[in-house]
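# Per-entry structural report
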Amino acid sequence: MTREDFQQRIDSGIKIEPKDAMPEDYRKTLIRQISQHAHSEIVGQLPEGNWITRAPTLKRKAILLAKVQDEAGHGLYLYSAAETLGITREETIEDLLSGKAKYSSIFNYPTLTWADIGAIGWLVDGAAIVNQIPLCRCSYGPYARAMVRICKEETFHTRQGFDIMLTLARGTPEQKAMAQDALNRWWWPSLMMHGPSDAESKHTAQSMAWKIKLFTNDELRQKFVDQTVPQAEYLGLQIPDPDLKWNAERGHYDIGPIHWDEFYNVIRGNGPCNRERLQARIEAHERGAWVREAAAAYATKQRTKAA
């Protein structure tokens, strides 16, 4: 199949399946994006797992446990989708542990208070949903199908986070101040989650042509801002952006400049928790070696019996 024939299939809205012919750079782009997405789900458990034993009530603890468990499942779905492209689970994990593969930079920030758990659910998962809902219609079938269930569960995660923030915002002055502090610290990193500006993005144009992405980074970021600012107003919290204002002519909110130096610094491994996050995954992988070995031995035994 020529590249022109492949592009015609994409333009016609035909889903690409694992056994279909595809350009090598299309396959590599998907492996990079899907594996990075999977890594983000797994590493994303760490800042929230830090608060499971310190949740303020049994109900909040049960909800947070379910949320962290969901994230593990999302990682599983996505690693499985990546495997359909010819890369093994072991290869993707090794790329993460060696530092070769990236994950979402937002998970390199610390969760200092319980309000941070609310901010992650409301802002981080809210930004993720804006990014991920279009992926349910992306051109690669296994990725699109995995995203359907993931997005349904992420909706619950966002509601959970907003409920925490609402409870704090309507609580004592100290609790509301805690919620405002969390918003102050997580707002700008949440905007950076959508990736660099379109002018600086290396992958957007080709990913859009292949319908791996359906909207640009800046379009997704604008949608997130437009839906989140009214929510902050409802909470009685202040978005930490003095330049934020409604632009009636555009029909969107205008925001101040994003400090991209911070974004790239975190990506390069210099964020507040980069080393801590990666070390936690390395240690977990090493501690779980006996489980993988036992499972492999059992599978071998069962195959021998069947033969």
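Residue numbering note: each chain is counted from 1, following its sequence as written. Per-residue local features are limited, in this predicted model, to residues with pLDDT of at least 70; the limit for side-chain atom pairs, both in listing and counting, is 80 or more; totals at the level of whole chains, interfaces and linings are taken over all residues. Side-chain metrics in this entry use all non-hydrogen atoms of the structure; hydrogen atoms and water are not considered.

### Some points on the pattern of salt bridges
Salt bridges are defined by distance alone: a side-chain nitrogen of Lys or Arg within 4 Å of a carboxyl oxygen of Asp or Glu. Scanning all chains against the criterion turns up 15 salt bridges. Close ionic contact of Arg145 with Glu17 constitutes a salt bridge, the shortest N to O distance being 2.9 Å. On the criterion of sequence distance, the pair formed by Arg145 in helix H7 (residues 141–169) and Glu17 in the loop between helix H1 (3–11) and helix H2 (24–43) is long-range, its members being 128 residues apart. One continuous salt-bridge network, built from bridges that share partners, spans Glu48, Lys67, Glu71 and Asp125. Think of it this way: any DSSP run of H or I at least four residues long counts as a helix, any run of E at least two long counts as a strand, and we number them from the N terminus.

### Describing helix H10 (residues 217–235)
Under the convention used throughout, the expected extent of a helix is 1.5 Å for every residue step, that is, one less than its residue count. With 19 residues, H10 should reach 27 Å at 1.5 Å per residue; the first-to-last C-alpha distance of 27 Å fits that figure. The complete set of buried residues in H10 reads Asn217, Leu220, Arg221, Gln222, Phe224, Val225, Asp226, Thr228, Val229, Ala232 and Leu235. Looking at the buried side of H10, the elements it contacts are helix H6 (114–132), H7, helix H8 (173–192), helix H9 (204–209), strand E2 (252–254) and helix H11 (260–270). The cut-offs for exposure are 20% and 50% of the maximum accessible area for each residue type, with area from a 1.4 Å probe on protein chains only; residues under the lower value are buried, those over the upper are exposed, and the others partly exposed. Should any heavy atoms of two residues lie within 4.5 Å, those residues are considered in contact.

### Details of H2
With 20 residues, H2 extends 28 Å between its outermost C-alpha atoms, agreeing within 8% with the 28 Å of an ideal straight helix rising 1.5 Å per residue. The element H2 is extensively covered by neighbouring structure, given that 14 of its 20 residues are classed as buried.

### Some details on the nonpolar core
In terms of nonpolar packing, the biggest core is built from 76 residues, with Tyr26, Ile34, Tyr143, Trp186 and Trp187 touching the most fellow members. At 11 residues, the largest contribution of residues to this core is made by H6. Residues within four places of Tyr26 in sequence aside, it is in contact with Phe6, Ile10, Ile16, Ser139, Tyr140, Trp210 and Ile212. As used in this record, nonpolar core signifies buried Ala, Val, Leu, Ile, Met, Phe, Trp, Tyr and Cys residues forming a set joined through side-chain atoms within 4.5 Å.

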